[in-house]
Amino acid sequence: MTASPDLRTARTAPALLRSVFRQHAAGVAVITAAGAQPAGFTATSLNSVAAEPPLVSFGVGTSSSSWPVVAEAEHVGVHILGEDQQELAATFARSGADRFGPSTDWHSGPEGVPLLGGVVAWLVCRVVARIPAGDHRIVIAEVVAGDPTRGGRPLVYHQGAFTALRD
């Protein structure tokens, strides 16, 4: 069998992974944690892990400015963003941004976790594991509080951009 000219090898695996996952639509969340200063980042890796006990997971890069706070946090906030929150997603994705500055609607919630205002839904979760995974850590956390009542259409990340679902 002859290899296709488009077949990628292990040398290009990181670029291949990024190229393939640009085709994968993902929901957009912001993860927050309390520390000496609040920390947070935009995540498209949020997953429901189990219903009993209620567990979620997400990935965070160890080179991220948020990692030192998340590495020590006992609890994290998980915020599902709405389709109208592209700027909030961009703020929490941008390196060096003043994520908790005057333009960000937030307050201290259960367990002292920074909670963002106006999101579709939020959870506060107790961190139960941080699993090494390459240059990231997979954080597994158990749900302890939350509010799904605002509702709305979620923000989606696809083809390297924030977008909304279409009917």
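Before reading further, recall that the structure is shown in the block above.
A quick note: this is a predicted structure, and the numbers were derived from the prediction, not measured.

K.L.:
Could you give me a rundown of the layout of surface pockets, with the residues and numbers involved?
P.N.:
In this model, the largest pocket occupies a volume close to 1200 Å³. Lining the largest pocket are 28 residues, and of these Thr42, Thr44, Ser45, Gly59 and His136 lie nearest its centre. Elements that contribute at least two residues to the lining of the largest pocket include exactly helix H1 (13-21), strand S3 (39-43), strand S5 (55-61), helix H3 (86-93) and strand S10 (136-147). Top element by residues in the lining of the largest pocket is H1. It accounts for four residues. Of the residues assigned to the lining of the largest pocket, the class counts are 12 nonpolar, 12 polar and four charged.

K.L.:
If you had to explain unusual backbone geometry to someone new, which residues and values would you point to?
P.N.:
Between Glu52 and the following residue, Pro53, the backbone shows a cis peptide bond with an omega angle of -10°. Following the sequence through the fold, Pro53 ends up in the loop between strand S4 (47-50) and S5. Positive phi, normally seen in glycine, also occurs at Glu111, with a value near 60°. Locating Glu111 in the fold gives a position in the loop between strand S7 (106-108) and strand S8 (114-116). Taking relative accessible area as the criterion, Glu111 reaches 54% and is therefore assigned exposed.

K.L.:
Can you tell me about the nonpolar core, naming the residues and giving the values?
P.N.:
One finds Ile31, Phe41, Val70 and Val76 to be the most contacted residues of the largest nonpolar core, which totals 18 residues. The set of elements that each furnish at least two residues to this core consists of strand S2 (29-33), S3, S5, helix H2 (67-72), strand S6 (75-80), strand S9 (121-133) and S10. Setting aside chain neighbours within four positions, we find Phe41 in contact with Ala29, Val30, Ile31, Phe58, Gly59, Val60, Ser66, Val70 and Phe92. In this structure, Leu81, Phe100, Leu116 and Val119 belong to the second largest nonpolar core, which totals 14 residues.

K.L.:
Got a sec to walk through the sheet that holds strand S11 (residues 155-158)? Specific residues and values, please.
P.N.:
Strand order in the open sheet formed by three strands is S1-S11-S12, and the pairing between neighbours is antiparallel. Looking at strand neighbours, the two that pair on one side only are strand S1 (26-27) and strand S12 (161-164), the edges of this open sheet. Pairing geometry for S11 and S12, over four bridges, is antiparallel. Its bridge partner lying in S12, Val156 is registered against Thr163. Helix-sheet contacts for H3 involve S11 and S12, and the interaxial angle to S12 is about 155°.

K.L.:
An account of the packing of aromatic side chains is needed here, citing residue identities and associated values.
P.N.:
Throughout the structure, instances matching the rule amount to four aromatic pairs. Both rings, one in Phe41 and one in Phe58, keep their centres 6.0 Å apart while their planes meet at 55°; by these two values the pair is tilted. In this pair, Phe41 is assigned in strand S3 and Phe58 in strand S5, connecting sequence segments 17 residues apart. Residue Phe41 is classed as buried on the basis of its relative accessible area, which comes to 7%.

Calculation notes
- Position labels on residues start from 1 in each chain and follow its written sequence.
- Residues qualify for local features only when their pLDDT is at least 70, as the model is predicted, and side-chain atom pairs are given and counted only at 80 or more; totals for whole chains, interfaces and linings, by contrast, use all residues.
- Side-chain metrics rest on all non-hydrogen atoms present in the structure, leaving aside hydrogens and water.
- Buried and open spaces are told apart on a 1 Å grid over the protein atoms alone, a cavity being a set of points where a 1.4 Å probe fits but cannot get out and a pocket being an open set with protein on both sides within 12 Å along at least five of seven lines. Residues with an atom within 4 Å of a point are the lining residues.
- Grid points are joined across faces, edges and corners, and a volume is the space filled by probe spheres set on the points.
- Secondary structure elements are taken from DSSP: a helix is a run of H or I of four residues or more, a strand is a run of E of two residues or more, and numbering for both begins at the N terminus.
- Lys, Arg, Asp and Glu make up the charged group, whereas Ala, Val, Leu, Ile, Met, Phe, Trp, Tyr, Cys and Pro make up the nonpolar group; the residues left over, Gly among them, are polar.
- Only protein chains enter the accessibility calculation, which uses a 1.4 Å probe; a residue whose area is less than 20% of its type maximum is buried, one above 50% is exposed, and one in between is partly exposed.
- In this description, a nonpolar core means a group of buried Ala, Val, Leu, Ile, Met, Phe, Trp, Tyr and Cys residues linked to one another through side-chain atoms lying within 4.5 Å.
- Contacts: residue pairs with any heavy atoms within 4.5 Å of one another.
- In short, DSSP must find at least two bridges between two strands for them to pair.
- Axis definition: a line fitted to C-alpha atoms, limited for helices to the stretch in contact. Angles are taken between N-to-C directions and run from 0 to 180 degrees.
- Only rings of Phe, Tyr and Trp enter the pairing, Trp through its six-membered ring, and a pair is recorded when the two centres are within 6.5 Å. The plane angle decides the type: under 30 degrees is stacked, over 60 is edge-to-face, the rest tilted.

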